Amino acid sequence: MKGSSNAEFENRFYELYIDFFNRAEAERRWNVQKDIPWDQCNPQVSDAIALIVESFCAVELFLPDYTSKILHLIRKSRGRAWFQANWGYEESKHSLVLEEWLVRSGKRSTKEIRDFAGAVLEREWELPFSTPRQMMIYTTFQELSTGLNYKNLRRKVIEQGDKALATALSFVARDESAHYQFFQDGVKLYLQEDRDGTLEDIKKVLEGFRMPAQDLIPNWEVRGQTIIGEKVFSDRIFYKDIMRPILAILGTSRDELQALGKTTPGLATPPSVAR
């Protein structure tokens, strides 16, 4: 760390966590059973929407891997580790509420959900990057992408008249936005301490960026194409609404990153959701 002492740096992360936690307690906590108008599920919602919801559930199923492996990487950082534990709690609610909708809407049976979860969890997610800084950069791009996925899906759901799912997605997207803000602020701390090294890591992350667990989920090619077809997420959306805005907020640009070394396909072409 080139700037402040390690203790000072970690204190800043802890302050970020305390602010995140206090805001969550005051403004964002919601209840899966009490706060969703489950009587307003629409069984006529399209099968494409149900498939996307199931696909997002599948991504969430790797929560044990996400939490345990990232926690092991950052366990000495109280602010980051406590945030990760809180993140895991909130993400578990996202999985529960999406599964609840699939069953209450009649799109999937409880047995189908359980069998699907069992099949998904036969595989194990591994960290895509090896350092705490690289993982914080990765999760910054991933969390904003996830939040946008839910917002775009919610627009489709509103068109199809399902107030229960629309309400659930609103809560979930709000959580994801709060997660993204924490990670973004964390990357800013890294930039203040070591701009050159952090920019190198941003470049590395973008060169190898993929949304989590896609290669582990059954029939992802069809699922990914459905997500693209419904205009929930795509390469163009990633580049325009995720990559460029984040780089601007962090005070850098694609051109600056490319100038750090040889241009690579990862920066020239954003990652495909359907890979």
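Residues numbered from 1 in each chain as written. Predicted model: local features only at pLDDT ≥ 70, side-chain atom pairs only at ≥ 80, totals over all residues. Heavy atoms only, no water.

1. With respect to the overall build of the protein
Step number 1: Within the protein, the secondary structure is distributed over 12 helices and zero strands.
Step number 2: Going from N to C terminus, the protein has its helices and strands arranged as α-α-α-α-α-α-α-α-α-α-α-α.
Step number 3: For the C-alpha atoms alone, the extent of the protein along its principal axes is close to 55 × 40 × 35 Å.
Step number 4: The buried share of the protein, reckoned over its 275 residues, is 54%.
Step number 5: Long-range pairs, those at least 24 residues apart, make up 84% of the contacts in the protein between residues at least 6 apart in sequence.
Step number 6: With 38 positive and 40 negative side-chain charges, the protein shows a separation of 2 Å between the mean positions of the two kinds. (Helix = DSSP H or I, 4+ residues; strand = E, 2+ residues; numbered from the N terminus. Buried < 20%, exposed > 50% of the residue type's maximum accessible area, 1.4 Å probe, protein only. Contact = heavy atoms within 4.5 Å. Lys, Arg positive; Asp, Glu negative; His and termini not counted. Charge placed at Lys NZ, Arg CZ, Asp CG, Glu CD.)

2. Details of the confidence of the model for the protein
Step number 1: Looking at the protein as a whole, its pLDDT mean stands at 93, while 93% of the residues score no less than 70.
Step number 2: Helix α7 (residues 163-193) holds the highest mean pLDDT among the elements of the protein, 98, whereas helix α12 (residues 265-268) holds the lowest, 50. (pLDDT = per-residue confidence, 0-100.)

3. Some details on helix α8 (residues 195-207)
Step number 1: When the terminal C-alpha atoms of α8 are compared, their 18 Å separation across 13 residues agrees well with the 18 Å that a helix rising 1.5 Å per residue should span.
Step number 2: Every buried residue of α8 is listed here: Gly197, Thr198, Leu199, Asp201, Ile202, Lys203, Val205 and Leu206. (Expected span 1.5 Å × (residues − 1).)

4. Examining helix α4 (residues 78-104)
Step number 1: The first and last C-alpha atoms of α4 sit 39 Å apart over 27 residues, in line with the 39 Å expected at 1.5 Å per residue.
Step number 2: Backbone geometry just after α4 places glycine 106 at a positive phi near 85 degrees.

5. Considering the pattern of salt bridges
Step number 1: This model, assessed by the stated rule, comprises 19 salt bridges.
Step number 2: The partner of glutamate 54 in a salt bridge is arginine 108, with the nearest N and O atoms 2.8 Å apart. Taken as a pair, glutamate 54 in helix α2 (residues 47-60) and arginine 108 in the loop between α4 and α5 (110-120) lie far apart in primary sequence, 54 residues in all.
Step number 3: Look at glutamate 54 and you get buried, because its relative accessible area is 9%.
Step number 4: A salt bridge links glutamate 100 to arginine 104; its shortest N-O distance comes to 2.8 Å. Of this pair, glutamate 100 and arginine 104 both sit in helix α4, four residues apart, which is roughly one turn of that helix.
Step number 5: Note on glutamate 100: relative accessible area 23%, which makes it partly exposed.
Step number 6: Shared partners join several salt bridges into a network, and the residues in it are Glu25, Arg28, Arg29, Glu90 and Asp175. (Salt bridge = Lys/Arg side-chain N within 4 Å of Asp/Glu carboxyl O.)

6. Focus: the nonpolar core
Step number 1: The biggest cluster of nonpolar side chains holds 82 residues, and the ones touching the most others in it are Val97, Leu98, Trp101, Phe141, Leu153 and Ile202.
Step number 2: Of all the elements, α7 adds the most residues to this core, at 16 residues.
Step number 3: Beyond its immediate sequence surroundings of up to four residues, leucine 98 is in contact with Val53, Phe56, Cys57, Tyr150, Leu165 and Leu169. (Core = buried A, V, L, I, M, F, W, Y, C linked by side-chain atoms within 4.5 Å.)

7. With respect to the packing of α4 against helix α6 (residues 132-159)
Step number 1: At a minimum axis distance of 14 Å, the contact between α4 and α6 shows a crossing angle of 25 degrees. If you check the angle between α4 and α6, you find them roughly parallel. As α4 runs across α6, the sense of the crossing is left-handed. Here Arg80, Trp87, Glu91 and Leu98 of α4 lie close against α6, whose contacting residues are Pro132, Met136, Glu143 and Tyr150.
Step number 2: Of the residues contributing to the contact of α4 with α6, the split by class is five nonpolar, no polar and three charged. (Axes fitted to C-alpha atoms, helices over the stretch in contact; angles between N-to-C directions. Parallel < 35°, antiparallel > 145°, perpendicular 65-115°, else oblique. Left-handed = near helix turned anticlockwise from the far one by under 90°. Nonpolar A, V, L, I, M, F, W, Y, C, P; charged D, E, K, R; others polar.)

8. Some remarks on the state of the cysteines
Step number 1: Tallied over the full model, the rule gives zero disulfides.
Step number 2: Counting only cysteine sulfurs, cysteine 57 is the nearest neighbor of cysteine 41, a cysteine outside any disulfide, at a range of 13 Å.
Step number 3: The class of cysteine 41 is buried, set by a relative accessible area of 15%. (Disulfide = S-S within 2.5 Å.)

9. A closer look at the side chain of glutamine 184
Step number 1: You can see glutamine 184 is positioned in helix α7.
Step number 2: Among all residues touching glutamine 184, those that are not within four sequence positions of it are Thr140, Ile249 and Leu250.

10. Brief notes about the packing of aromatic side chains
Step number 1: Scanning the model with the defined rule gives 21 aromatic pairs in all.
Step number 2: By the ring-pair criterion, three or more aromatic residues cluster together here, those being Phe129, Tyr138, Phe141, Phe209, Phe233 and Phe238.
Step number 3: Over the face of the ring belonging to tryptophan 82 we find arginine 78, whose NZ or CZ atom lies 4.3 Å from the ring centre.
Step number 4: Here lysine 93 stacks its cationic end above the ring of tryptophan 30, 4.4 Å away from the centre of that ring. (Phe/Tyr/Trp six-rings, centres within 6.5 Å; stacked < 30°, edge-to-face > 60°. Lys NZ or Arg CZ within 6 Å of the ring centre and 35° of its normal.)

11. Some words on the environment of glutamine 40
Step number 1: By secondary structure assignment, the location of glutamine 40 is in the loop between α1 (6-28) and α2.
Step number 2: Glutamine 40 gets classed as partly exposed once you look at its relative accessible area, which sits at 34%.
Step number 3: Sequence-wise, glutamine 40 and aspartate 162 are 122 residues apart; in three dimensions their C-alpha atoms are separated by 6.4 Å.
Step number 4: Other than its neighbours up to four places away in sequence, glutamine 40 contacts Asp162, Lys163 and Ala164.

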